[in-house]
Amino acid sequence: MNLGLLHRAAREALGLTMLCGLGIFLFQLLFALLTPVLAQDFSDQFLKTRMSRFFLSAMLGAEIDSAGPSLFAAIAWTHPVQLTLIFWHAIASATRVPAAEVERGTIDLLLGWPVSRWQVFAAELAVFALSSALIVLVALGGSRLGLWLSGASDGPGLSSACAIALNLYALCLALGGLAWLCSAGAERRGRAIATPVVLVLVSMLINFLAPVWEPAKSLSFLSVLHYYQPFASFARGAWPFGEVAVLLAFAVVTSALAALWFQRRDLRAG
Amino acid sequence: MDLVVTEQLAKCYGARAALAGLDLRIPEGSLFGFLGPNGAGKSTTLRLLLGLLRPSAGRAWLCGFDAWREGRQARAEVGYLPGELRLPGWMSAASGLALVERVRKRALARAGLQLVERLRLDPRVPARQMSSGMRQKLGLVLALAHEPRLLVLDEPSSALDPLVQLELQAILRERSRAGTTIVFSSHSLAEVDGLCERVAILREGRLVAHESLATLRALAPRHVVLRFERARVGEPPAFLELETRTPTLWRGTLCGPVQELLRWAAAESIADLSLGEADLESLFHRHYRGESNSVSA
């Protein structure tokens, strides 16, 4: 591993990681602080309306029977604000090399140095894996701090929260791998970003429709969000190793294909 | 030893050939100019040499290493300034040098800061606050600091003011005297004239001339004025292109070796003969326009 490349990749990732990390930390902290207040107004009565059950099921990817601490914790980890920040970090980070570097013309400087494309890719991958881990840990830290400050004692335990954090981390890597694959052959970052964004939106749509529409349910295994279901994990109380394995396998395959493509492609002037 | 070798090097983008079968050898220690109009294939050639592009056909070697397969080893001995240089906004001369030090695993601060001083660059200003000329200077510092065996510079003086251009020429001459091989591209003859020993001229992806500058000078057209002692009738020789003609005065262009003109003049009754400087610019324009197709090695 070339330390100069690692340093450069870290320098490039710093702003985005800090911004996303801060946003996620504040969101998780506020959500956890507000949980006791929300829980007072949120009763099982609310779940009796078909519409509210439908939306919660669609968001959480599971049938909701009763309101409880697990439900609120799961909402925090699947909330659109949290997912948007996580996806933004993953997709923006993973489309930087080569697509963004080609577009802004800095790839010439980078690959004019005595480094191989493998080394460049490995440095980017290492920094992405570390910054994603940092963001997930920050989310976990914000959530735990908020629960502690709010004095809530009936939330999911640390072990359950860590299991969800691991699942979220695997989701980040899978999305990063997909974005890298789209970036590997792209000349423009916009194009590289568009494909994973569309696929994530399709995934969300499938997840949204699966509880109420049979054809969507049969396709749900193709959705990346099918392998990230905090509510079911909280309810089961078990670590989601199967889901994590699928997401990691996807991340490994897409990253390897991206690295191969990047290794063989032309790098035209931006 | 030849530090740059290409054999039938070609690059196509779809049906368009950006470079067609380039054969080139650049010996160690040369100061070599790559000339051609915009879109002639100069940057494509340099990007193929740096391993940024994959050849469609043929091969290239840099410092003995295959440019595509062994690019990392080749680039260890190369300093490269890309054309239309872009830098990350956060990069200053100080942080750029520190970064290149880590990447190359060599101490560069001293040599780098000397260059920074010589090119009058503020080491702490980040690229996002620099003018294009300052960014170009920073690119030159990063390419030169490790004192490479081979310097590949793509239009190095673009965006530089005339004073800095002179300083750059002085640096390149010093490096050349110290044994560095320098290859640089330009679309301007003025840039290579007086600096390079050899030049290659590309047009539409093809090599149309590969000569020493002295040979090109000998082939370059010169302005000629001939005054005859008495009225001269008859056609002028083939190597003279007349622009104005009176019975005793011819003005035109010499399009051949001077010796031919002198031999012909010795047999004529000439009162006065004046011969201008070799007009390299005209020669280059002929090559650019495709009026000449000579390729020499």
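Residues numbered from 1 in each chain as written. Chains lettered and ligands numbered in written order. Predicted model: local features only at pLDDT ≥ 70, side-chain atom pairs only at ≥ 80, totals over all residues. Heavy atoms only, no water.

## Quick notes on a nonpolar patch on the surface
Residues and elements named next belong to chain A. As a reminder of what qualifies: Without a salt bridge and with relative accessible area above 30%, a residue can belong to a patch; like charges are then joined within 9 Å and nonpolar side chains (Val, Leu, Ile, Met, Phe, Trp, Tyr) within 5 Å. Computed with a 1.4 Å probe, the accessible areas rest on the Shrake-Rupley method; for each residue, only the protein chains presented here act as cover. Put simply, a salt bridge is a Lys or Arg side-chain nitrogen that is within 4 Å of an Asp or Glu carboxyl oxygen. What counts as a helix is a DSSP run of H or I of at least four residues, what counts as a strand is a run of E of at least two, and both are numbered from the N terminus. Between buried and exposed lies partly exposed: a residue is buried under 20% and exposed over 50% of the maximum accessible area for its type, with that area taken using a 1.4 Å probe on protein chains only.
The grouping of L30, L33, L34, V37, L38, L145, W148 and L149 at the surface amounts to a nonpolar patch, some 760 Å² of accessible area in total. For the nonpolar patch, the elements supplying multiple residues, two or more each, are α1 (3–41) and α7 (117–150). Residue contributions to the nonpolar patch peak at 5 residues, all from α1. Its location among the elements puts V37 in helix α1. Since its relative accessible area comes to 46%, V37 is described here as partly exposed.

## As for the domain arrangement of chain B
Just so we agree on the cut-off: A domain assignment, automatic or from a database, supplies the domain bounds used here.
For chain B, the domain assignment lists domain 1 (2–77 + 148–216) and domain 2 (221–277). For domain 1 of chain B and domain 2 of chain B, the distance between their C-alpha centroids amounts to 39 Å.

## Remarks on the pattern of salt bridges
Summed over all chains, the structure comprises 19 salt bridges over all chains. The residue R149(B) makes a salt bridge to E77(B) at a minimum N-O spacing of 3.0 Å. Of this pair, R149(B) sits in the loop between α5 (132–144) and β7 (150–154) while E77(B) sits in the loop between α2 (71–75) and β6 (78–81), and the two are 72 residues apart along the sequence. Classification of R149(B) as partly exposed rests on a relative accessible area of 27%. Sharing partners across several salt bridges, the network here consists of R8(A), E12(A), R96(A), E101(A), R104(A) and E124(A).

## Some thoughts on helix α6 (residues 162–177) of chain B
Residues and elements named next belong to chain B. Under the convention used in this document: For a helix, the expected span equals 1.5 Å multiplied by the number of residues minus one. Arc definition: directions from the helix axis to the C-beta atoms. We call two residues contacting when some pair of their heavy atoms lies within 4.5 Å. For this analysis, a polar contact is any N or O atom pair within 3.5 Å, provided that within protein one partner can donate a hydrogen and the other can accept it, and provided that sequence-adjacent residues contribute only side-chain to side-chain pairs.
Between its first and last C-alpha atoms α6 spans 23 Å; for 16 residues at 1.5 Å apiece the expected length is 22 Å, and the two agree. Restricting attention to buried positions, one finds in α6 the residues V164, L168, Q169, I171, L172, R175 and S176. Along the axis of α6, the buried positions cluster into a sector of 165 degrees, meaning they face one direction only. Exposed side of α6, more than 90 degrees from the buried face: P162, L163, L166 and R177 are the residues found there. Where α6 is buried, its residues touch β3 (31–35), α4 (109–118), α5, β7, β8 (181–186) and α7 (189–192). The backbone nitrogen of L163 has a side-chain oxygen 3.1 Å away, supplied by the residue at the start of α6, namely D161. Immediately downstream of α6, the backbone of G179 shows phi near 105 degrees, a positive value.

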